[in-house]
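Residue strings, one per chain:
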Amino acid sequence: MEGSRAEAIALPVARPAFAAQELVWPLLVALSTVAAIAPLWASELLPYQDAPEHVAAVRVLADFHTQGPAFDKWFEIDLRRLQYLGFYLPAAAIARITGADAAVRIMLSLIAVATSAAFWMFLGSFGRDRRLAVFAPAVFHTVPLYLGFFNFIESIPLALALVALTERELHGASLRRAAWIAGGGAELLWLHPSGLAFALAAAFVLAVTSGESWRKKARALAPWLPAILLLGAWAVDALAARDGPGAAARTLPRWLGPKDQILGLLRYGNVLAARGDEIFVIAIGALFVATIAVRPRPRLDRQWRLPLLAVLSLIAYLAAPYDMGYMGYIHLRALPFLALMLIASPSIAPGPATSTILAAVVALQIAFQTSVAATYRAFDREAQVTELHQVLNAAEPGKRLIALVFSTESHLFQYQSFLHFASYYEVFRGGRARYNFAETPWTPIRFRQASEPVALPRSWELRPHELDIARAVSDEDYVLVRTPGPEPQGFVMVAHAGRWALYAPAARR
């Protein structure tokens, strides 16, 4: 009797301990995800190449009919352009409450959380140890984010989740799950077609290699039919419009050489100008190797299927072109999926040795992201954000501005962090700035007919030294220059602070 009573008393104590142990790894994944999010909120300006364009587009959508910014004077909204809407529309809804800049940061934070959660789900669907999800936040702070491919990185967690659902559908039919796959597949096109292309290819490969009957394979793939049709229609339109609205689609694909392809692969995590990110990548790679070196590792049925997806992602990266018309960095879209498939591929040993290594992964990410946040704050100083505000405040709101930025690179970050700083005129003062994503055939915001700016060569912002400056500024109310840079003829300086100078037509003075 006393023994039974003792067991009854001990049982409630054991259950909470077991529940707490089950929560450890979700909490550690959450902790590493929060560390990845922290830099997003550390600075006033985001250092990502395309970030100003996205913030400006969100503000245009959120405040389109507001009188002061006069966005409806310069732009039209075309919701038939599906690409980017999956990011812009929810961000614009949030921006009505928080403002465009905070809305974009909220969206990026949610994407980071969704990526970790989707990878946790993905690992479980393939029988992998979910502790590997602590690596997922490290994939967030990589080249696609720093290029500013916000719409693409938003597609990654949904693509992972849909592939995971397809794997489950292969082993057991569910009408609700099939509906999620069908709806989610169509939604992927609203985020980015590259994410949809990966999900479709992965679903097909997994079905073929599943070992299930052809009936089950067909049943699992059937919900993808709407997405296949949508992607096909989009591809036809995209290829026809690759040189821009009203332009003949003549630009052929361009590939990088093998050397540049390999270097691009090695530099996937190289986003800072200093060596800290390279040291971080080497360290986290070493911890990954240490994780899979612990024995004994459990054997899984058809374990080779995820490594196969990793190999196919690598082949896609090597085979895809670099650009074609307005479509650039095409090959880089394969790299996040390659990294995540590599992480998910191995089975790992249970037990404290593996857990200790994976806990070190979390600690390493927290330490690294602390230094990254400090670099973001330093970017505000490099960009001279106070001086930028001072100069742009000298411009009237709701006008037209073009930026001549001959020095676009940061001393702190890779890629061209200052390339799209003209867009901060739209963010802070409204109006229309150039260069502008409205010049591309993809975004839902386009120039209003009869108010279009003077036509300039495609990708002129990348080669401003080749620009006919007199023509470029001929219909502008203001010219923003990051000095040293040209003083536009027929314009006079109206404001100057730090490296930023603002010019207006002399006839108006």
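In every chain, residue numbers begin from 1 and rise along the written sequence. In keeping with the model being predicted, local features are shown solely for residues with a pLDDT of at least 70 and side-chain atom pairs are shown and tallied solely at 80 or more, while totals for entire chains, interfaces and linings include all residues. With hydrogens and water excluded, all non-hydrogen atoms of the structure serve as input to the side-chain values.

1. As for unusual backbone geometry
Excluding glycine, residues mostly carry a negative phi; peptide bonds, for their part, are mostly trans.
Right, so step 1: A cis amide bond links arginine 295 to the next residue, proline 296, at an omega of 0 degrees.
Right, so step 2: If you trace the backbone, proline 296 turns up in the loop between α14 (276-293) and α15 (305-319).
Right, so step 3: Across the junction of arginine 434 and tyrosine 435, the peptide omega takes the value 0 degrees, indicating a cis bond.
Right, so step 4: With respect to the helices, strands and loops of the structure, tyrosine 435 is situated in the loop between β5 (432-434) and β6 (445-447).
Right, so step 5: The phi angle at tyrosine 329 is positive, at roughly 55 degrees, despite the residue not being glycine.
Right, so step 6: By definition, any uninterrupted DSSP run of H or I lasting at least four residues is a helix, any uninterrupted run of E lasting at least two residues is a strand, and each is numbered from the N terminus. On the secondary structure map, tyrosine 329 appears in the loop between β3 (327-328) and α16 (335-344).
Right, so step 7: The residue tyrosine 415 is not glycine, and still its phi comes out positive at about 70 degrees.
Right, so step 8: On the secondary structure map, tyrosine 415 appears in the loop between β4 (400-405) and α19 (423-429).

2. Structural notes on the sheet that holds strand β7 (residues 478-482)
Right, so step 1: At least two bridges found by DSSP between two strands are what make those strands a pair. Taking strand neighbours across the sheet as the criterion, the five strands line up as β5-β4-β7-β9-β8 in an open arrangement whose pairing is mixed. The open sheet is flanked by β5 and β8 (491-497), the only strands paired with a single partner. Going across the sheet, the axis of each strand differs from the next one's by a mean of 25 degrees, ignoring polarity.
Right, so step 2: As paired elements, β4 and β5 share three bridges and run parallel to each other. Pairing of isoleucine 402 across the sheet is with arginine 434, part of β5.
Right, so step 3: By definition in these notes, contact holds between two residues if any of their heavy atoms fall within 4.5 Å. For helices, the fitted axis covers only the stretch in contact; all axes are lines through C-alpha atoms, and the angles between them, taken along N-to-C directions, range from 0 to 180 degrees. Helix-sheet contacts for helix α18 (residues 385-392) involve β4, β7, β8 and β9 (500-505), and the interaxial angle to β8 is about 145 degrees.

3. Overview of the layout of surface pockets
Right, so step 1: Within this scheme a cavity is a closed region of a 1 Å grid, computed over the protein atoms alone, that accommodates a 1.4 Å probe without allowing it to escape, whereas a pocket is open but has protein on both sides within 12 Å along at least five of seven lines; lining residues each have an atom within 4 Å of a point. Grid points are joined across faces, edges and corners, and a volume is the space filled by probe spheres set on the points. Estimated volume of the second largest pocket: approximately 620 Å³.
Right, so step 2: Lining the second largest pocket are 24 residues, and of these Tyr268, Val281, Ile284, Ala339 and Ile343 sit closest to its centre.
Right, so step 3: Counting residues per element, the lining of the second largest pocket draws most heavily on α14, at seven residues.
Right, so step 4: Of the residues assigned to the lining of the second largest pocket, the class counts are 18 nonpolar, five polar and one charged. Residue polarity follows a fixed list, in which Ala, Val, Leu, Ile, Met, Phe, Trp, Tyr, Cys and Pro are nonpolar, Asp, Glu, Lys and Arg are charged, and the others, Gly among them, are polar.

4. Observations concerning the packing of helix α8 (residues 150-171) against helix α11 (residues 214-221)
Right, so step 1: Running from N to C, α8 and α11 cross one another at 145 degrees; their axes reach a closest spacing of 8 Å. Crossing handedness for the pair α8 and α11: right-handed. From α8, Thr166, Glu169 and Leu170 reach across to α11, where they touch Lys216, Lys217, Arg219 and Ala220. For any pair of crossing helices, the crossing counts as left-handed if the nearer helix is rotated counterclockwise from the farther one by less than a right angle, and right-handed if it is rotated clockwise.

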